[in-house]
Structure formats: C-alpha cells, structure tokens
Amino acid sequence: MFGLSIWDIIVIVLYLSIIFTIAFISMRKIKSQEDYFMGGRKFSKLVQIFSAFGQATSADTGPSVTTTTANNGASGIWSALMMLFATPSYWFTGVWYRRMRLLTMADYFSERFGSKSLSIVYSLLASISLMILLSVGFIGITKTVMIMTPKPVAEYSISEKAEYEKALKLDALEKANYAILTLDEKTELAELQLEKPDKNFSHVNKAFFIWLMVLIVVSFTVIGGLEAAFKSDVMQGIFILLLSVILVPFALYKINIIHGSHGIMGALRTIHEQLPESFFEVFGSPYTIDFTWYYIIAISLLATINVAVGPNQLVATGSAKNEYIARWGFTFGTYLKRIAIVFWGFTALALTVLYKNSLQDTDKLWGFAARDLLDPMNFGFIGLLIASLLAALLATSSMMMITTSGLLTNNIYKHIWPGKSEKHYVTVGRFLGTVVVFGAALMVLNSDSILNQLKTNWEFSIIYSSALWLGVLWRRTNRIAVWAALVVTFVVLYVIPLSLPLIKSDIRSNEFLLKRTNEVIEERVYTARAHDVIQRNQEIEKWETLNAESKTTEVCPVTITLGEKFTKQYRQPQKSIFWPQGIEVREDGSLIGKGTLSVDLVIAEVMGMRLKENKYAQNETIRVFLRLLFPFLLTIIISLLTRHPAKEAANLDYFYAKMKTPVTGDLEEDEKALRLSKEKPKRFDDTLLFPNTQLQFCRWSREDSSGFIISVGMVIGILALLWFLVNLGGKIG
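Here the structure is a predicted model, which is why all the values come from computation and not from measurement.

S.K.: Hey, could you run me through the overall build of the protein in this one?
M.R.: Looking only at helices and strands, the protein features 29 helices and 4 strands. Expressed as a percentage of its 733 residues, the buried residues of the protein come to 57%. For the protein, the share of sequence-separated contacts (at least 6 apart) that also reach a separation of at least 24 residues comes to 83%. Accessible surface, the protein: about 30,200 Å² in total, of which carbon and sulfur atoms supply 63%.

S.K.: Quick question: what am I supposed to make of the side chain of T93 here?
M.R.: Mapped onto the secondary structure, T93 falls in helix α6 (residues 90-100). Contacts of T93, omitting those with residues within four sequence positions, involve A308, F330 and W469.

S.K.: What should I look at first to understand the environment of K658 in this one?
M.R.: Along the polypeptide, K658 turns up in helix α27 (residues 646-658). On the accessibility criterion, K658 (4% relative accessible area) is buried. Through-space distance from the C-alpha of K658 to that of R99 is 6.8 Å; in sequence the pair is 559 residues apart. Not counting residues up to four positions away in its chain, the partners in contact with K658 are R99, M100, R101, L102, E111 and L674. A distance of 2.7 Å separates a polar atom in the side chain of K658 from the backbone oxygen of M100.

S.K.: I tried to follow the environment of M659 on my own but got confused; where do I start?
M.R.: Mapping M659 onto the fold places it in the loop between α27 and α28 (667-679). According to the relative accessible area criterion, M659 is buried, its value standing at 9%. The spacing of M659 and V472 is 187 residues in sequence and 8.4 Å in space, taken between C-alpha atoms. Sequence-distant contacts of M659, defined by excluding residues within four places in its chain, comprise W96, R99, M100 and V472.

S.K.: When you look at helix α13 (residues 263-274) in this model, what are you seeing that I'm missing?
M.R.: What sets the pattern is the α-helix's 3.6 residues per turn: residues three or four places apart point alike. Taking 1.5 Å of rise per residue, the 12 residues of α13 would be expected to cover 16 Å, and the 16 Å separating its terminal C-alpha atoms lies within 8% of that figure. Listed in full, the buried residues belonging to α13 are G266, A267, L268, T270, I271 and H272. Each element contacted by the buried residues of α13 is listed here: α12 (248-259), α16 (323-355) and α29 (702-727).

S.K.: Where do I start with the packing of aromatic side chains in this structure?
M.R.: Aromatic rings considered in pairs are described by the distance between their centres and by the relative angle of their planes. Applying the stated criterion to the full structure yields 26 aromatic pairs. Between Y413 and Y425, the aromatic rings sit 6.2 Å apart at their centres with planes inclined by 85°, giving edge-to-face as the arrangement. Of the two residues, Y413 is situated in helix α18 (residues 381-416) and Y425 in helix α19 (residues 422-432); the sequence distance between them amounts to 12 residues. Over the ring of Y616 we find K575; its NZ or CZ atom is 4.7 Å from the centre of that ring. Positioned above the aromatic ring of Y494, the side-chain terminus of R627 is 5.7 Å from the ring centre.

S.K.: Help me understand the nonpolar core, please; the structure alone is not making it clear to me.
M.R.: Counting 93 residues, the largest nonpolar core has L81, F138, I271, L390 and V437 as the members making the most contacts within it. The biggest single contributor to this core is α16, with 13 residues. With sequence-adjacent residues up to four places away left out, L390 is seen in contact with I12, Y15, L16, I141, M213 and I216. Membership of the second largest hydrophobic core comes to 51 residues, among which are L125, I463, L468 and V472.

S.K.: Would you take a moment to explain the packing of helix α25 (residues 599-606) against helix α26 (residues 616-641) for this structure?
M.R.: Helix packing for two helices is described by the angle between their axes and how far apart those axes are. Contact geometry of α25 with α26 gives a least axis separation of 10 Å together with a crossing angle of 105°. On the basis of the axis angle, α25 is roughly perpendicular to α26. Facing D600, L601 and A604 of α25, the residues of α26 in contact are N619, I622, R623, L626 and R627. Among the residues forming the contact of α25 with α26, the class breakdown is 4 nonpolar, 1 polar and 3 charged.

S.K.: Is there a simple way to explain the pattern of salt bridges in this structure?
M.R.: Pairing is possible between side chains of opposite charge, provided their charged atoms come close. Scanning the entire structure with this criterion turns up 14 salt bridges. The shortest N-O distance in the salt bridge between K658 and E111 comes to 2.6 Å. A residue pair is termed long-range when its members are at least 10 positions apart, and K658 in helix α27 and E111 in helix α7 (residues 105-113) qualify at 547 residues. Between E620 and R623 there is a salt bridge, with the nearest N and O atoms lying 2.7 Å from each other. Residue E620 and its partner R623 are located together in helix α26, separated by 3 residues, close to a single helical turn.

S.K.: Would you explain the packing of α13 against α16 in this entry?
M.R.: The geometry of α13 relative to α16 is characterised by a closest axis approach of 10 Å and an angle of 65° between their N-to-C directions. As judged from the angle between their axes, α13 and α16 are roughly perpendicular. For the pair α13 and α16, the sense of crossing is left-handed. Residue-level inspection shows L268, I271 and Q274 of α13 in contact with α16, the latter providing F346, L349, A350 and V353.

S.K.: Explain helix α1 (residues 6-27) to me, please; I cannot follow it from the model alone.
M.R.: Taking 1.5 Å of rise per residue, the 22 residues of α1 would be expected to cover 32 Å, and the 32 Å separating its terminal C-alpha atoms lies within 8% of that figure. For α1, the complete set of buried residues consists of D8, I12, Y15, L16, I19, F20, I22, A23 and S26. Viewed along the axis of α1, the buried residues span an arc of 150°, placing them on a single side of the element. The exposed residues of α1 that point more than 90 degrees off its buried face are I6 and L14.

S.K.: Explain the environment of H259 to me, please; I cannot follow it from the model alone.
M.R.: By secondary structure assignment, the location of H259 is in helix α12. Each C-alpha atom of the pair H259 and Q274 lies 9.5 Å from the other, and the pair is 15 residues apart in sequence. Beyond its immediate sequence surroundings of up to four residues, H259 is in contact with T270, Q274 and V353.

S.K.: Before we go on, may I ask you to explain unusual backbone geometry in this structure?
M.R.: In most cases, non-glycine residues show a negative phi, while peptide bonds are predominantly trans. Although it is not a glycine, R101 adopts a positive phi angle of roughly 55°. With respect to the helices, strands and loops of the structure, R101 is situated in the loop between α6 and α7. Its identity is not glycine, yet N692 carries a phi of approximately 65°, on the positive side. In this fold, N692 is placed in the loop between α28 and α29.

Analysis parameters
- Residues numbered from 1 in each chain as written.
- Predicted model: local features only at pLDDT ≥ 70, side-chain atom pairs only at ≥ 80, totals over all residues.
- Heavy atoms only, no water.
- Helix = DSSP H or I, 4+ residues; strand = E, 2+ residues; numbered from the N terminus.
- Buried < 20%, exposed > 50% of the residue type's maximum accessible area, 1.4 Å probe, protein only.
- Contact = heavy atoms within 4.5 Å.
- Areas by Shrake-Rupley, 256 points an atom, 1.4 Å probe, with all protein chains shown as cover.
- Polar contact = N/O pair within 3.5 Å; in protein donor to acceptor, adjacent residues only side chain to side chain.
- Expected span 1.5 Å × (residues − 1).
- Phe/Tyr/Trp six-rings, centres within 6.5 Å; stacked < 30°, edge-to-face > 60°.
- Lys NZ or Arg CZ within 6 Å of the ring centre and 35° of its normal.
- Core = buried A, V, L, I, M, F, W, Y, C linked by side-chain atoms within 4.5 Å.
- Axes fitted to C-alpha atoms, helices over the stretch in contact; angles between N-to-C directions.
- Parallel < 35°, antiparallel > 145°, perpendicular 65-115°, else oblique.
- Nonpolar A, V, L, I, M, F, W, Y, C, P; charged D, E, K, R; others polar.
- Salt bridge = Lys/Arg side-chain N within 4 Å of Asp/Glu carboxyl O.
- Left-handed = near helix turned anticlockwise from the far one by under 90°.
- Arc of directions from axis to C-beta.

This is the structure we're talking about:
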C-alpha cells in the first residue's frame, strides 16, 4: 500500500495505538482549564527536559537541515543551529515565565499594560505565528513521506514526464563547469534554476496526506490535552533522537561499497574526497548563499529576542512544578535539540555525497535517502522512520494546538462569554485549538518551501517582542508605546506586503521590483582531491568536444594532479531582492514575483542603498536588522514622550514585585509570598542592579551565575562537536 511493506504499516499502527492509549488515559484526569492547558503544573525535571526538546524539534528538523547543508555545505547547519547562541538566555527567561504565574502569554499583556484589548490582539497574532511554525513541520513530514513512497518513472503522467526531462537537463548543466558552457546553455541553466523542475513523484496525494496528519494531530490533542502531550514527549523524544542518527551507519556503509573504502574512517575520508573543500567551511564558503557569518549573527540576535515572546514558551515552562525545574528543563531540553541538530548536519554531509545529483528539490533529500538505504531490508524500518517523523510532528503540534487553545479561550472567548463552568471552557478550548492546525495545513498547500517558512517564522514575532523585553526590564515602557509599535510594525511589515499585490496585481511584474542581485563569480584556491581531479578531467573532455565543433572561445582548463593547488570558479546565481519566494517564469516567458513584497528593502533601495550590487545574504542581513531595530526604537521613543495610563500605573509595583518573588512549588507558601509582595512591593528592591532608576535588572544569584556558566559551556561544547564531526576524516593521507 502506497509503496509501504506490511511491516512498515504494522510499526506505524503500533505507534499510533500507543500514543492514543496515553491520550485516553490522560483524558480522565482533565477537570479544569489548568489541567488541560497546563497539566496541573506538576511536571518533573525529566518530563520538562523532554517536553522542551519535543516541542522545539518538529518533523521539519531533519529535512530542513539536510536541505540547507546540501545547498550550502556545513554552514547550512546554521539554519537550525542559529538559536544556539540564544540558548543561555533561556536560563533567565524560563524563570520569568514561571514567576508570571499566568495561563497564557497574552495574560502578560493584560496584566503588565492593563489592557484586555492588547491581550486579544496578541492572541490573534501569536496564533498566526504558531500556524507559521507548525506549517514548517507539515512541510517536512509531507515532502519526506512523499519521497519515501515513489512512483516508478514508467507510471509518470505526461506532464510529470515533461518535468522529469527538464530536471535531467538541469542536472547535466549544473554538473558542468560554468566557465565552459555555451551562451545558450548558460541561458537555459538560469531559466531552469528559476523553474526548479522535479524528477520525483509519489503515489501519495499531497493534499490527502496533509489532511490525514491534521486528523491525527487534532484527535490526539483534543483527547489528551497537555498531560498526554508531555507524557508522550518522553517516548517521542527517544524517537526523535533515533531520527538523528539512524541513517549514519547505513550511509557510511554505502559510501564504502560505492567508493571502495573501508571502515568508519575510510567512509569519512571519502566524504572529504567527494565533496569540495569549501563544503566543510562551517562559517561560510563560496557555496553559501543563505548562511554567511554576518547573516548567522543577525539571525542569532533575532532569535534571542523573538523566541522569548513565543506563546508556546510560557506553556512549556509555566507547567513546571517550580522555577528551578522550569529553567533547567527549558534550557537543557533545548540543548538536547542543538546536539541532535549537529548529528543531523553530519548525516546530511554523507547523504549529499550519495544523492545530491539525484534530486532537484533538496527538501526531499533526507526522505529519498531513507527510502534508498532502509527499504531494501524490508523489515519495517521505513515504518519506524515515518513513526519517528509523526512523533516529532505530534510533539510540536500538540504544544502549538494547546497554546492556541489557551490564547483563544482564555483571552478572547472568556471576554465574550464570561461566567461559564470550567468544563465548558475546556470543551471550547479543545476545539478552538484546531484553528492553528487547519491554518498551518492551508499554508502548506500554498507554500512548500521549508527555508522560506523558517525565515517567516524567525521574523514574525518581532511585531510584539519589544513589549516583553522592554516591559519586563524597563519600567518606563507603557501601553501607548506598545500599541503604537505593534500596529505600525504589523502594517509596515505584513499588511502592506500582503495587500499591495492583491490591490495592484500588476505590481508582481513591475520591472523595478523584479530586480535581482548581480550574478557573482568567485574564485578560490584549494588543494586538489580525487573528486577535483576527476571533475577537471571531465571539464577538459567537454572543452575538447566543444572546441572541435567551434562552440567555445574559452581557454582549455589546465590539468591538475592530486595534492596540487588549483583555482576553482563558483557561480552564485541571481536572487530576487524584493520577493522572498523568488521570481517565477510564466509559460509566455514573462517574469512575476512570488510571495509577499519586502517593503523594508524597497524603502532601503529608494533611500539610496544599492541592493543589486550586494550578495543575497547581505540584503537578507540588512532586512533582519531593519526589522529588529524598528519596533524597539519606536517603543522607546514613544515611551519617553508619554506616560503610563492610570490603570497600568496602579499595577506596576505589584507586577515587578511578583516577577522577583520565587516560585517554590508549594502552593500555600507561594500564595503567602505573593500576599507579602502585594503588601510590600518594594521588598526586593535591594536586588536591583540599578536602584532608583527605571531599569529592572537584578543582580545575579549563585544559581543564576552557575547555570549561565554551564549554559555557555554547552554552547562551546556543541561548537566543538560540530567542528569535530565536520572535520573528522578531513586529513587525507
């Protein structure tokens, strides 16, 4: 069935049976909103670690890391590892979430700024953000499963066969040395790179599979709530870790078979022989289009700011028994994901050696490799892999769905229909959460690029992130400034880019907006490896053929020998400046922009920045910094020019006292401490780093310092692990 064996189907059915059993058992314990949305705030350190790991690691992780690594070399690992430098901040924000003692992040906006309407707007925007995040997981599992259920070429339809032939032609042109292509071939290469034809088609209908995933996710979460999600996360975490390494031994074995090498070190040496030296430059290479060192810095800073305001972060940590468990689970559960990512990247290098030339859409590389490596054993490994992907999807999706349930129920529905029973609100919450899953599914049907959706997700939360950081750390921040920053940022960065192409449809074909970055031809000097020698000989052979037919005026490439220094030319293709999803070629040959318009870059171009002359990553870096700075500057300036409304000012003392009141895990003791903080809101002022100012930074305790030092040590350790695995086998004798 769908290209799966009976063993594969048995494994998938067994997995689904186990998790739905957990869901039905958990359903019996749900009596209140706190039970459904927060699991009763009773989870231990182990459960918190795996829940943080599970909700941060979706089905897109493996495919997305494989995609960016295949396209960019080892530096592509940063597509998922970019938040590594942000992780030490979790040691502190984890405490914030628990000390807030709130059900949803939207409650923070209501309590801190005295505005229910602000919490409603946040709920709506955050739900959209969760849809974007969840859509990435749907894209990952859909593309992977479809490529693991391939249709034979003989069964392709007429249109599929035509696209298949184009894909073969594109492969041939990309393998050739660009320097010796004819003018017609260069033109054809550029056109095919825009078109991106596919040569792999599946038995599985994309829309059917997506809606099947929606049914599984919704059913599991509606039945079991957060408790089922957290309990299953321990098992699902094991599945995700299995996904991180399962292909490594099979890939290394096949590399040895194909290339005649022996053992682990032999396979590792072959990887370095078969891939260009530039492929192993962790912080950028001539292959790098998306992830240069400066773009990595920009995205890391953006991640540090934006991840803190994610609505799912409060749910993941606010459910902990006390603040120590909250910060420990949140921080080190996330580090578990970072370690898994490094192994994903290492796996991607091996898969690139084996399969890069077999696919045009590298989003499908991991699934294609899994099918080729595991299916011949016919022992349920493909089913195990699909079950692992389901586990990763469910771990994230259930958290997203429950978070949305809490936002829409507690911060919108209860305001419209107050005074209902706990059972009523739990029932409503169960079904309101389905909004995020259906929204994510619709997004996938309209955009199936993992990297584009990742970038959208990285940036969306900037709309309201200044409200959290400045609201917690700077007392002067007020409701008026937050409203202004939120509305203006949302309109400039999202409303205008989305609505303008709808209002003025011909804008997508506007010549000014179809500008692309200049084509970049780079030359690098490397030491020749076996792969380079073979490739150079092929280039010479092609030159001789073209020269005999008088089709080239280029100088014949020079023969190179193993170990010799040589110069290699790379072409970075033109990329759209103002349309993030690129430029599409119509059947009549005309061009149109895809996706939403980057208004910020249009403004930058009009103001004099010559973006066409920049590399693609430079323009992306400019865009990130513009988006990051704009709402913060706006919030600060307006806060300095205005005052707190009376309702907001009346609650400020208690809010800041509460944020300094530790959560012990004992309910009676916690209530007593809160009452005391309300009576004496200044009782923690001696902990302030800048007393008698508006700044609310506190001096670090021993726990703060030791945890931060360990966390920074983890960053260094993970970087060392990345360098070690990427360079292992790099010294060729």
